[in-house]
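Residue-level structure breakdown
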Amino acid sequence: MATVAELITYPVKGCAGTSLSSTELTPAGLAHDRAFMVVGVDGVYRSQRRDPRLALIRPTVSADGRTLTLAPATPAGPPGEAQAGARGEAYGEVRVAVTTTAPRRDVDLFGTAYQGIDQGDEAAAWLSDFLGVPSRLVRVPPEHDRKTDGMTPGTSGYADSSAVHLLTRASFALLGTRLAEQGAEPLPLDRFRPNIVVDSVPGEDAAENAAEDWAAEPHAEDRIRRATVGSAELGYTKLAGRCAVTLVDQEAGARGGPEPLRTLATYRRASSGSVVFGVKFSVTRPGTLSVGDEVAVAEWGVTEM
């Protein structure tokens with residue numbers, strides 16, 4: 001049976017994720033996913049593509065959504081060692097009282113204009129010091145009405161595109177095999193920043209229920225067109241194109257070597273020319289998701305590879 005193995009939300013675009021055991025799935029994705037974004041003084045979004053140190057910031061949102069805490073991610077150094085900023089300073093955390101009533105400002109995401117609610121000078125100062133470049137923090141306004149592209153219409157916050165990114169452990173395991181064949185080191189799953197990780201959990205009647213155990217096949221997710229998870233439903237939008245963010249070591253906050261893009265390009269290049277890994281979905285029915293929920297496919301299609 002295909003089940004949810006991990007649920008991960010990324011409250012601030014480009015920053016570290018938070019693992020969840022259960023969450024609400026809203027029309028814009030997992031609760032608080034990409035609800036905040038770091039921008040330059042010109043309003044242009046910051047991404048790990050240009051600012052890989054974003055990976056070292058661990059945001060958490062309070063249960064009521066009224067407080068956002070920014071803290072350095074646990075460093076790879078000795079226990080208790082504080083994460084240093086761009087100029088070597090040690091950093092603590094900053095708590096932001098989330099506002100939805102402050103003035104809106106123009107922001108730019110991939111050349112498209114949106115609105116953002118500035119979250120104040122304290123958050124801006126902390127981010128500017130940590131990243132080493134002048135930065136502001138904005139939140140998606142309640143009136144945000146973004147329309148995402150792909151096969152199934154939908155919306156999202158400040159995600160690159162669709163609301164949900166799904167990936168199976170079987171697909172990830174195959175990549176590990178391909179990397180080993182190339183003599184490359186294994187890479188962690190966090191390089192791909194998925195929201196829902198699906199695994200195959202064989203049941204007592206696995207042979208009779210092979211269709212339910214679709215996640216045992218690498219990249220079977222490419223062919224899903226409609227699926228139910230918990231009380232929610234997802235509609236396929238497109239394959240997930242991969243970019244330079246996958247080259248960033250999420251623990252070091254620095255760009256590494258050419259993997260995994262070099263190896264993925266040998267077997268995961270779509271007809272569009274993009275290197276793809278994982279699948280994007282729109283939320284067609286909001287609901288509640290939990291680790292262990294079955295991911296049941298209601299409709300299959302033909303892969304766009």
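Residues numbered from 1 in each chain as written. Predicted model: local features only at pLDDT ≥ 70, side-chain atom pairs only at ≥ 80, totals over all residues. Heavy atoms only, no water.

**Focus: the packing of aromatic side chains**
One pass over the full model with this rule turns up 6 aromatic pairs. Their ring planes at 45 degrees and their centres at 4.6 Å tell us that phenylalanine 192 and phenylalanine 277 sit as a pair that is tilted. Of this pair, phenylalanine 192 sits in the loop between α2 (169-181) and β13 (196-200) while phenylalanine 277 sits in strand β18 (residues 276-285), and the two are 85 residues apart along the sequence. Take phenylalanine 192 and phenylalanine 277: they sit in the same class, and that class is buried. A network of ring pairs unites the aromatic residues Phe172, Phe192 and Phe277 as a single cluster. The residue whose ring lies beneath arginine 50 is tyrosine 45, and the NZ or CZ to ring-centre distance is 5.1 Å. Residue placement shows arginine 178 over the ring face of tyrosine 267; its charged tip is 4.2 Å from the ring centre. (Phe/Tyr/Trp six-rings, centres within 6.5 Å; stacked < 30°, edge-to-face > 60°. Helix = DSSP H or I, 4+ residues; strand = E, 2+ residues; numbered from the N terminus. Buried < 20%, exposed > 50% of the residue type's maximum accessible area, 1.4 Å probe, protein only. Lys NZ or Arg CZ within 6 Å of the ring centre and 35° of its normal.)

**Some points on unusual backbone geometry**
The omega torsion across glutamate 259 and proline 260 is 15 degrees, close enough to zero to call that bond cis. Within the secondary structure, proline 260 sits in the loop between β17 (254-255) and α3 (261-264). Positive phi, close to 55 degrees, is recorded for phenylalanine 110, a residue that is not glycine. For phenylalanine 110, the location among the structural elements is in the loop between β9 (104-109) and β10 (112-118). With a relative accessible area of 40%, phenylalanine 110 lands in the partly exposed category. If you check the backbone angles, arginine 193 has positive phi at about 50 degrees while not being a glycine.

**As for the sheet that holds β13**
A sheet is described by the order of its strands in space; here 8 strands give the open sequence β2-β1-β13-β12-β18-β15-β14-β20, paired in mixed fashion. At either end of the open sheet lies a strand with only one pairing partner, and these are β2 (18-20) and β20 (295-300). Sheet twist, expressed as the mean angle between neighbouring strand axes with direction ignored, is 35 degrees. The strands that α2 touches are β1 (2-9), β12 (164-168), β13 and β18; relative to β12, the one it contacts most, it runs at about 60 degrees. (Pairing = 2+ DSSP bridges. Axes fitted to C-alpha atoms, helices over the stretch in contact; angles between N-to-C directions. Contact = heavy atoms within 4.5 Å.)

**A word on the sheet that holds strand β4 (residues 29-30)**
Strand order in the open sheet formed by 3 strands is β4-β3-β19, with antiparallel pairing between adjacent strands. Looking at strand neighbours, the two that pair on one side only are β4 and β19 (287-290), the edges of this open sheet. As paired strands, strand β3 (residues 22-26) and β4 are joined by 2 bridges and run antiparallel to one another. Within the sheet, the bridge partner assigned to leucine 25 lies in β4 and is leucine 30.

**Things to note about the pattern of salt bridges**
Proximity of charged atoms lets side chains of opposite charge pair with each other. Considering all chains together, one arrives at 18 salt bridges under this definition. Note that glutamate 143 is salt-bridged to arginine 104, the shortest N-O span being 3.0 Å. Linking glutamate 143 in the loop between β11 (136-139) and β12 with arginine 104 in strand β9, this pair joins segments that are 39 residues apart in sequence. Residue classification places glutamate 143 among the partly exposed residues on the basis of a relative accessible area of 47%. Taking the relative accessible area as the measure of exposure, arginine 104 reaches 30% and is therefore partly exposed. In this structure, the salt-bridge partner of aspartate 118 is arginine 136, at a minimum N-O distance of 2.8 Å. (Salt bridge = Lys/Arg side-chain N within 4 Å of Asp/Glu carboxyl O.)

**With respect to the environment of cysteine 15**
Examined against the element boundaries, cysteine 15 turns out to sit in the loop between β1 and β2. Sequence separation between cysteine 15 and arginine 58 is 43 residues, and the spatial gap between their C-alpha atoms is 6.3 Å. When near neighbours in sequence (up to four residues on either side) are disregarded, cysteine 15 contacts Tyr10, Leu54, Ile57, Pro59 and Arg193.

**Looking at the confidence of the model for the protein**
Per-residue confidence for the protein averages 91 on the pLDDT scale, and 91% of its residues sit at or above 70. Counting contacts from residues 76-82, a segment whose pLDDT is below 50, to residues more than four positions away or on other chains yields 2 contacts. (pLDDT = per-residue confidence, 0-100.)

**Description of the environment of valine 96**
Its location among the elements puts valine 96 in strand β8 (residues 94-97). Taking the relative accessible area as the measure of exposure, valine 96 reaches 5% and is therefore buried. For the pair valine 96 and glutamine 119, spaced 23 residues apart in sequence, the C-alpha separation works out to 7.3 Å.

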